[in-house]
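Report on the structure
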Amino acid sequence: MNNVKENSGKIIKTIAMIVLVMGVVISVGSGIAPLAVLGGMLGGVGFALGFVAFIVVAGLGSLSAWITSTFIRGFGEIVLYTAESATYLEAIEKLSAQDKASEI
């Protein structure tokens, strides 16, 4: 359990990367549907409309996945540096206690 506590920042950053990859894959997959449907129904004009819809859906979906993963990754950085700061604070407190004990 302690290992998970120490690596929680890295775990969150890994989850952010997974969210990004899944978001892009789902966005591109979702963009293919209008391309296929409109292209099959309306021929050449439908293919052009489907391609525009594909670009919009895939682009906006990928952008939102990137923004979401950036926020998650930032949270992971905060967790990582907070844990690191706590470790340094513990070391400083131990040194301070040793210094006070040696003065007596």
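Reading the values: rules and limits
Residues numbered from 1 in each chain as written. Predicted model: local features only at pLDDT ≥ 70, side-chain atom pairs only at ≥ 80, totals over all residues. Heavy atoms only, no water. Helix = DSSP H or I, 4+ residues; strand = E, 2+ residues; numbered from the N terminus. Rg over C-alpha atoms; globule rule 2.2 N^0.38 Å. Contact = heavy atoms within 4.5 Å. Areas by Shrake-Rupley, 256 points an atom, 1.4 Å probe, with all protein chains shown as cover. Lys, Arg positive; Asp, Glu negative; His and termini not counted. Charge placed at Lys NZ, Arg CZ, Asp CG, Glu CD. Patch = residues over 30% accessible without salt bridge, like charges linked within 9 Å, V, L, I, M, F, W, Y side chains within 5 Å. Salt bridge = Lys/Arg side-chain N within 4 Å of Asp/Glu carboxyl O. Buried < 20%, exposed > 50% of the residue type's maximum accessible area, 1.4 Å probe, protein only.

Scanning the protein chain from terminus to terminus reveals two helices and zero strands. The C-alpha atoms of the protein chain give 25 Å as radius of gyration, which overshoots the globular expectation for 104 residues (13 Å, by more than 25%). Counting only C-alpha atoms, the protein chain reaches 90 × 20 × 10 Å along its principal axes. Considering only contacts in the protein chain between residues 6 or more positions apart, those separated by 24 or more positions represent 69%. Of the roughly 7500 Å² of accessible surface on the protein chain, 75% is carried by carbon and sulfur atoms. With 6 positive and 7 negative side-chain charges, the protein chain shows a separation of 9 Å between the mean positions of the two kinds.

Quick look at a nonpolar patch on the surface now. There is a patch of nonpolar side chains on the surface, built from Val52, Val56, Leu60, Leu63, Trp66, Ile67 and Phe71 and spanning about 730 Å² of accessible area. Within the fold, Val56 resides in helix α2 (residues 8–103).

Within the element layout of this structure, Leu80 appears in helix α2. The spatial distance from the C-alpha of Leu80 to the C-alpha of Asn7 is 7.7 Å, given a sequence separation of 73 residues.

The topology assignment puts Lys13 in helix α2. Judged by relative accessible area, which is 18%, Lys13 ranks as buried. If near-sequence neighbours (up to four positions away) are discounted, Lys13 is found in contact with Arg73, Gly76, Glu77 and Leu80.

Our next topic: the side chain of Ser69. Following the sequence through the fold, Ser69 ends up in helix α2. Those residues in contact with Ser69, other than ones at most four positions away along the chain, are Ala16 and Leu20.

Honestly, that's just the spatial picture; any functional story needs more than this.
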